[in-house]
Every structure is written in structure tokens, then in C-alpha cells.
Amino acid sequence: MPVERMWRTHDRLKPSYDVVIIGAGVHGLATAYYLAKQGVTNVAVVDRGYVGGGASGRNTAIIRSNYRTAEGVAFYDESVKLYEGLASELDYNIMFSQQGHLTIAHSGRGVQTLRERAETNQLLGVNSRLIGPEEIGRLVPQINLSRTARHPIMAALYHPPGGIIRHDAVVWAYARGADRLGVEIHPQTEVTALMTSAANGASSRRKVQSVVTSRGEIHTPVVVNCTAGWCSTIAAMVGVRLPIVTHPLHALVTEPLKPFLHVVIVSATLHVYINQTDRGEMVIGEEIEPASSYSMRSTMRFLENAAEHTLELFPCLSQVKVLRQWAGICDMTPDFSPIIGEVEDVEGFILDVGWGTYGFKAGPVAGKRTAELIATGRTPDVIKPFSLSRFHRRELIGEKAAAA
């Protein structure tokens, strides 16, 4: 018997769709899935590469909701709750391990920042608390708690619901779920232009009319931009400028080790985050590159810095071999918060961009609420603060202290 494919392939694009989603990563596929659940099934997801081949396939897939602002905490906490039920809903093992998340402080100011975050989290019903070196040692016996370390560990923000997930499993599950509900997924379909109607005297707003692709033109009244690092390029096709700068973000993975690290470790001072996969590999990441670039080639500079800072926390890893390293690109906003929702000047053009280093953890809630916006015509309260217009109103949502 022939093996059933995860999702169908389509030889041709239809002349028109109710919604076209650009980007076949977790955000685009989640939006398509939740749209189909609300009865909007005449939907096409297009991507110039393969499914999950962009930022969704180049991240470290850490899930958490211990953010700094009330808007951010509520938003990411809803996403964590969706992730908790996603395997059951999609009938697919997404390998979500809620092993806990530790954000480490190495200074008095760092401790105070974490205390503020813990109090904000607790006021909003998120399980998060400040813990000292003794409890850190019980959770992670192998970590360096020496008071003579160059950056001694003083405290940590402990977030038990946080953890890691298998990013390709999430992408495949959403793709299969959307396909089964009637959505069409079209990889290897590059968007080359977006066509809009001209503004008339009665209104200064233009309207989305069609999407021009490498496989033909598609007529549609709604386009959703879910293209991560390339979002500014797509937005420019309809004359919209986004306050976004793209930076590379690097990561590496080591040879497999006997499991010993059962929480996610993050140190903002050392600019490093570490977790261990179910296969025993150590996944190590660093902060974004300071220079803006679209390069996805990893560097020796990253390898040296990541190794140095990891060994400050875990000297026991000094003889471990690195298997591979890679880079993705992040779309960073000035306030380190996303841009999601309608664009005032272009009717039918929806943004789901600006996720920086934390886009994967937001996939379910961004997809669900963007789909709700499209299906009902009303902007859900949880995404209202993240509109593009907040930059004109000077109502920024400063998440830099909680972003990697």
C-alpha cells in the first residue's frame, strides 16, 4: 500500500483564494489551521522554500511565558497553554518537554530585574519565582556556583512551565492539520509582487487585490505576512515601511551526552542559553549579531564566544565535541515586541512579524488570534497592543529585559 503523505502537494495554484498566507513556517501554518477551523478553508500558504525551512527550522525551540510586560506575559502565556494541548488537538507528538526554565542573575541589578519580572508574572497568574543558589544547585547540580567565578551566580528566575519542543514536529503537525481541513500548501512558490487598488478620493486606503508569484498571479482580498526576517521586503511591496532590522542569530549542537540537564538555562550577562535534547545533545545559543545582515552562515566568533561562556557555567563540558552550528535571521523591532494585526493604509494586508528571538514560542497564539481577526473582522484584545500604529502613538512595549 502507498504511504500516506503528511500533506498533499498541488500542481497548480487556483486563480483566487479568500486568504493568501506568505510563509510556511509555524506562524503561517498555524494561521491557516485556525482559519480552517473557523470555516475559512479557501486558503493558500505559499513559501519560496520548503515547509518549515525558514526561521521555524533554525531556532532552539524554547517555550516560556515569563516576560516582563503585562501585555507580553498575557500573550505568551496563552501560547504556552495552547502548546500544552497541541499534541492532543493535532494528534501528533510534538515532543513538548516542560522541564522548567532558569534565567540566571550575576549582579545585584540582575537580581532586581528578575524580582520585578517574578512579581509581574505572579500578579498575572504565571508560575514564576525568584530562587537562590541553593535551590539552583538542587535543580542543576553540575552548574558552577563558585563564589570565585568571574560572574558568580546570585539568583535565578525559575519558571516551571517553560521547556523545549521539537520545532519540526510542530511545523509538520500544523501543516498536516491545515491540509486535512482543506488548506492548500504551496512550497517553492516565491512572491515577487503584491498588487493593490489605487486610493480614491473617498478613502486614502488601498486594498489588496492579488499576489504575483513565480508560478502565476493569485487574486485575493487578504494577504498575511508571516515571513520573519524577510517581512520588510514583503511589506515594501505594498509601500509599507516597517521599523524592523534583521540580525543573524547563531546556535550549535554538541555530541550526545548522558542526560544531566533537566532545565533550560539562560544567562543574559554571559549572552548564552543552554538546554539538552531528548537525544542528549547540548543545544547552545547566543544573542543576536550586533551588525544587521541576512547572512545565515555561522562564524568562528560565535563558536569561540559560546564555548567560553558555556564553560563558565558548566566547566564539565570542556572536552565535549561540537557536531554542527548554524544561524537564522531575526526581525527585531525597537521595543523587542512583535507587530501583529492590520495595517491602517492597506486594507486586507495583515502583519504577523517582528518576533526577534522568540517567534517560535508565539506560533500558536499568533496563528489563532490572527485567524480570529480575519474571520470576524475584529481585533482580539490580546493582540491589540502589538499593532504597527503603536510606534506612531509612542506606546511601545519594552520587552528587551526579557528577550534573549
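Everything discussed here concerns the structure shown above.
### Digging into helix 9 (residues 363-376)
Helical periodicity: at 3.6 residues per turn, an α-helix aligns residues three or four positions apart in one direction.
In step 1: Taking 1.5 Å of rise per residue, 14 residues should cover 20 Å, and helix 9 covers 20 Å from first to last C-alpha, within 8% of that figure.
In step 2: Helix 9 sits mainly inside the fold: 10 of its 14 residues count as buried.
In step 3: Taken as a whole, helix 9 has its buried residues at Gly363, Pro364, Val365, Ala366, Gly367, Arg369, Thr370, Ala371, Leu373 and Ile374.

### Focus: empty space enclosed by the protein
In step 1: Taken as a whole and assessed by the stated rule, the structure comprises 2 cavities of 30 Å³ or more.
In step 2: Its volume calculated, the largest cavity comes out at about 40 Å³.
In step 3: Forming the boundary of the largest cavity are His106, Asn144, Ala149, His151, Ile153, Leu270, Glu312 and Leu313.
In step 4: Grouping the constituent residues of the lining of the largest cavity by class yields 4 nonpolar, 3 polar and 1 charged.
In step 5: A volume near 40 Å³ is recorded for the second largest cavity.
In step 6: Taken together, Gly54, Ala55, Arg58, Ala228, Gly229, Trp230, Met296, Gly328 and Ile329 make up the lining of the second largest cavity.
In step 7: Residues belonging to the lining of the second largest cavity are distributed by class as follows: 5 nonpolar, 3 polar and 1 charged.

Parameters at a glance
- Residues numbered from 1 in each chain as written.
- Predicted model: local features only at pLDDT ≥ 70, side-chain atom pairs only at ≥ 80, totals over all residues.
- Heavy atoms only, no water.
- Helix = DSSP H or I, 4+ residues; strand = E, 2+ residues; numbered from the N terminus.
- Expected span 1.5 Å × (residues − 1).
- Buried < 20%, exposed > 50% of the residue type's maximum accessible area, 1.4 Å probe, protein only.
- 1 Å grid on protein atoms, 1.4 Å probe; cavity = no way out; pocket = protein on both sides within 12 Å on 5 of 7 lines; lining within 4 Å.
- Points joined across faces, edges and corners; volume = space filled by probe spheres on them.
- Nonpolar A, V, L, I, M, F, W, Y, C, P; charged D, E, K, R; others polar.

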